[in-house]
Structure formats: C-alpha cells, structure tokens
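Overview (structure and organization)
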Amino acid sequence: QEPQASGLPEYIKIVEVGPRDGLQNEKVIVPTDIKIELINQLSKTGLPAIEVTSFVSSKWVPQMADHKEVMKGIERHPGVQYPVLTPNLQGLHSAIAAGAAEVSVFGAASESFCKMNINCSIEESIERFEEVTKSARNMNIPVRGYVSCALGCPYEGNVVPDKVAEVSKRLYSMGCYEISLGDTIGVGTPGSMKKMLEAVMKEVPLSALAVHCHDTYGQALANILTAIQMGVAVVDSSVAGLGGCPYAKGATGNVATEDVIYMLNGLGINTGVNLCAVMEAGNFICTALNKKTNSKVAQASFSTGTID
Amino acid sequence: ATGAYPKRVKVVEVGPRDGLQNEKNVVPTPVKINLINMLSETGLQVIEATSFVSPKWVPQMADHTEVMQGINKLPGISYPVLTPNLKGFQAAVAAGAKEVSIFGAASEMFTKKNINCSIEESLERFDEVMKAAREASIPVRGYVSCVLGCPYEGKISAAKVAEVSKKMYSMGCYEISLGDTIGVGTPGSMKEMLTVVMKEVPVGALAVHCHDTYGQALANILVALQMGVSVVDASVAGLGGCPYARGASGNVATEDLVYMLNGLGIHTGVDLQKLMDTGTFICNALNRKTNSKVSQASCRL
C-alpha cells in the first residue's frame, strides 16, 4: 500500500496521552509505581511522545497529585519526548524543577467550557498561557497547545470552525510549536472535522496541527482518517482507550492507540510503533485498573491469541 | 483528498438475521417480530428478516416461517431472507418472501469449513436458486464473505474477490454485498479491494458489509463511500459477535453508521432516535449492553 500515491502522509507521529489524559479520566486512583511502570513500558514501544502527567493542583485533579514523583521516577529514553501539562506559571516552574523538557497548555474554543473548567474567559486563559509559553521558551522548552471543544461543546453544543481557528492561531502565534485540536466530547464526524480543519488550516500551517479525537460516538477513526487525508500528520491517542468521557456517564473517551496503529499499519503509514508492545502495555494497565480494554484490536487479538 | 460523497446511502439492516444469528441467546419469535416491526418504523428501506436454513445448523433461525408470516410488511420496505439452497428458496417464497439472498465467499478454506464444498460448487448450487428466482421474478442479493481476510487463509487476494463478485453478478444478483467477515480490513485494504472489484462489477451494484471486530468499520465504510459505494449493511445495536474471536464484536452498529452519515449530510431516511429506541428494546430483550457507541453516549444517567 503506497501512502504517497493516495496523498496520505508517509509518517505519522503518535502522541500517547494515556498516562495523563487517560488516567485522569479513570475513576480508580492509580499508585505511582504503576504509573511509572506504564510509562516505562510505553517508552519501549517506539512511541515518539508520551504525555506523562499534569502539574496541576492535586485539589483539582487528585489522580495527578504524584506528578513530581512520576516525572522523576520514569526512565527517559533517548528520542522520546515526555511532555507534561502546565496550566500556569507555578505548574511550569514545578515541572521544570522535576525535570520536564516539554510542556503543554490547554485552551478551548468555547467560552462556556472555559468558564466551567478554569473559571475565566478564553481571552483571560490565553493571557495566562502567554506567560507560561514566554517563560518556557526563554528556557528553550517547547510548548504544545491544545484546543478543546474543536467539534462541539457539552454546554454550547455547536462550535463555529472560525472560533477554533482563532484560538489555534493565538496559541500558535504565542509560540506553541504544535496545536492539538480536540474533539472533547467525541461528537464530531468526518463532515465537521473537514470543515473545522479547512478553517484552521487558513491560520496555522498543516505541519503544526494534530488531532485529538474522542471515540464517544464511535467516530474517532473515521475522523482521524479524514484528518490524515487532509495532510494532518500528528495523532493523539490513549493506550487501551483509557479515559472515559466525563460528560456522558459510562461512555468511552479517548481513541485507543492500538486501534489507530492498526489502521495506520493497514494504510502503509509509518509510525515507528510496535503494535504488540502497545497491546502488552495496554494489558498491563487494564489488569492494574481491573478493567476491560477499550481497544477493539486488543479485544480481538487476545481472544484469538493471534494478531493479524 | 477526501473526495465527493454520495448524496444518498441505502442502509441495509441485518440485525434480525446476521445480528441475532450470532447472538448466544435464542430469541423468542414474538421478540424477533417486534424487533422487525420497530425497525420498519425507523425509515429503513431494507430489513433482512431471517434465514431459511435448516434449524439443525442455525437454531436461532428455526422460526423463519413464523417470523416471515408474522411481521408487518410495510409498503416500500424490502424484507430479504437468506436462502442457502432451492429447498430454502421454496420455503421462503411459500412464506411470503419477495427478495432473497445467497452467500458466496472469496476463500476456498472458508467455503469448505462452512458448507463443505468448493467455491465453484457453492455457486453451482446457487444456479438452481437463481433460475427459480428468475422465474418467480424475485430479486436476489449476493454476499461475498472474507473480502478483506479469512480466519483460515489469512490474506485474500482482491482478484479473487473480484472473480467471485463478477460470477455472482453475472448469475443475476442485482447487488453484491462485500463482507469483511472477521473485521480485519483497514481503509488501505478496502480501497485496494474495491479498486479491483469495481473493474468487474458496476459500483452502483456494490454494497459493503463491514465488521467492527478491530474497530475499523466506520473508517472502512468512509473509504467505500469515497469510492462511490452507496449501500451499506449494518446491525442495530451492533448485534452479533464474531464467531472467530470469542468476546470480540462483529457487525457495525446501525446507529453509529447513521450518526456518521448524518454528520456528512448524506441522506438515509432513517430516524436515529427511533433506531436507538429499537436498539434499546432488543438489548433489553437479550439482556445485554448495546455495542453502539452512539447509544451508549446518549444515555445520560
């Protein structure tokens, strides 16, 4: 299968968000040593980027209370990035002190979502991130920007593509090297993904874009396919599909890394990631969490005992 | 490039047959009839009702005559049934069937394991059915299994799929439904297979029947649509597991398909809410959770 012949990227960077976005949305608090073991296993799979933890107040996100210990405890493999979330300057300084070499900031395309999440307007949040980004860049630390609610908001419903483009542009202009567009509640479809990307691509170069799709409505892989057909070459996913949706009880959240890799392998696109190794890491964390995997590839593979 | 999509897609609902056939619990006849009646109210134009196969082989479909005679047949809706041989065809017609389906496969080993003969022999068997169907003016839909992979042979050549599809189309099947029986296909293999098949069978006569065992179904369907396919099979609530991977899922959920098509502005005529209600009904009756993510997400506690 020739990806170039079909206009698809030859290589896609997978950003593994399981240890942070995934675990943050799991009910069970995971012991520090399990988190560290998960990240160490993921480091051996070929994944180029693994989001480790979040330097946020433990009052807000108890799951991430051990951020310092996790950051200091993990093995750092050469060629692998280990970004962490830093919602403000305090978080940034704490992250750097713990050895972080890349950070992320989280914006949103919806005023209501921003208000409900961090109790301020989009504009105010951008000002906060400007401080963090400026400070990080002064220390040569790259910053990744996230835009939540890119295809819909749990409070506002529809989100206008131009708004997503506007927020993305702000984050990019302040110095974020990459903008990850998040379908936070998974309501997007190939139709809305295309419209949103067309608007954003007018303001931010394609090579700086990533998609972060949730599978809450089963649309994630179709949405990711649409994005990569438009040239997006960075995809976020979560091992074993860790992380439910906080806005739809019992529903799923993140798309499973295994399922994404299976699709990209089938398209002849290089990711550098060993699918079997990811499935093993997924098996490890699901056993530790005492839960079933959300990855269909893992489900199918473990039941037959063979992998196609 | 994403390409242009069809303006309309015909959704072929296979839940009552393909779905239930692969569910462990045998479903009482009145429940089957109610399921089909509810589906008839959703706007679906084609609902595969049952299979006229020997109950020895498929106990779930033993009540085929009662189901066929018991359902409300709404005008404008087609209720095809499977007919593996002439005997089944005759029983189907006697029970009121106005459309039938026959099943071929692109894999010799799969055919051998399933119906104990070669592909060639299986198609010869269907010759009788095709002749009888022609005489009775009954349209026949052809299925080709294992189009993107076989549980026994592994990789399947696109050329083989094209050969079997062409044969069935030439025999008189008005539509060929290409089935990714074990769900191993990806947008890559789907595109490759369709490119070859479309050289032998007009795209207007093609349908895709994707299984979601590896989570690839909607992405595979998306590619098929981009290539001009406008008929898609699906199963309400994603009924029907995979008999080749215990515990794994099988059919793609009709709700999730319709959600995607709605988002693409493609017309299906299907009312998603009524469809979800039908899925809820059958899952309660089967005492199981839905396999539809749209249904799961929409249930807020």
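Below is a short write-up of the structure. (Residues numbered from 1 in each chain as written. Chains lettered and ligands numbered in written order. Predicted model: local features only at pLDDT ≥ 70, side-chain atom pairs only at ≥ 80, totals over all residues. Heavy atoms only, no water.)

Before going further, it helps to examine the packing of aromatic side chains. Residue and element names in this part refer to chain A. Considering all chains together, one arrives at six aromatic pairs over all chains under this definition. Measuring from ring centre to ring centre gives 4.1 Å for F106 and Y146, while their planes differ by 10°; the resulting arrangement is stacked. Taken together, the residues span a long stretch of sequence, with F106 in strand β4 (residues 103-108) and Y146 in strand β5 (residues 143-148) at a distance of 40 residues. Judged by relative accessible area, which is 27%, F106 ranks as partly exposed. For the pair F113 and Y155, a centre-to-centre distance of 6.3 Å together with 40° between the ring planes defines the contact as tilted. In this pair, F113 sits in helix α5 (residues 111-118) while Y155 sits in the loop between β5 and α7 (161-173), placing the two residues 42 residues apart along the sequence. (Phe/Tyr/Trp six-rings, centres within 6.5 Å; stacked < 30°, edge-to-face > 60°. Helix = DSSP H or I, 4+ residues; strand = E, 2+ residues; numbered from the N terminus. Buried < 20%, exposed > 50% of the residue type's maximum accessible area, 1.4 Å probe, protein only.)

A few words now on the interface of chain B and chain A. Residue-level contacts link 40 residues of chain B with 39 residues of chain A. Taken together, the two surfaces of chain B and chain A that pack against each other cover about 3,100 Å², and 56% of this comes from carbon and sulfur. Here chain B is connected to chain A by two salt bridges. Across the pair A:D215 and B:K293 runs a salt bridge, and its minimum N-O distance is 2.6 Å. The interface formed by chain B and chain A includes 10 residue pairs in polar contact (both at pLDDT 80 or more). Sorting the residues of the side of chain B that touches chain A by element identifies α8 (187-197), α9 (217-226), α10 (254-263) and α12 (293-298) of chain B as the ones contributing at least two each. Class assignment for the residues of the side of chain B that touches chain A results in 19 nonpolar, 14 polar and seven charged. (Contact = heavy atoms within 4.5 Å. Buried area = accessible area lost by both parts, 1.4 Å probe. Salt bridge = Lys/Arg side-chain N within 4 Å of Asp/Glu carboxyl O. Polar contact = N/O pair within 3.5 Å; in protein donor to acceptor, adjacent residues only side chain to side chain. Nonpolar A, V, L, I, M, F, W, Y, C, P; charged D, E, K, R; others polar.)

The next subject is the packing of helix α2 (residues 29-40) of chain B against helix α11 (residues 272-286) of chain B. All names here are of chain B. Between α2 and α11, the shortest axis-to-axis distance is 9 Å and the interhelical angle comes to 170°. Judged on the interaxial angle alone, α11 and α2 are roughly antiparallel. Within the contact between the two elements, α2 uses V31, N34, L35, M38 and L39 and α11 uses L275, D277, T278, F281, I282 and A285. A breakdown of the residues in the contact of α2 with α11 according to their chemical character gives eight nonpolar, two polar and one charged. (Axes fitted to C-alpha atoms, helices over the stretch in contact; angles between N-to-C directions. Parallel < 35°, antiparallel > 145°, perpendicular 65-115°, else oblique.)

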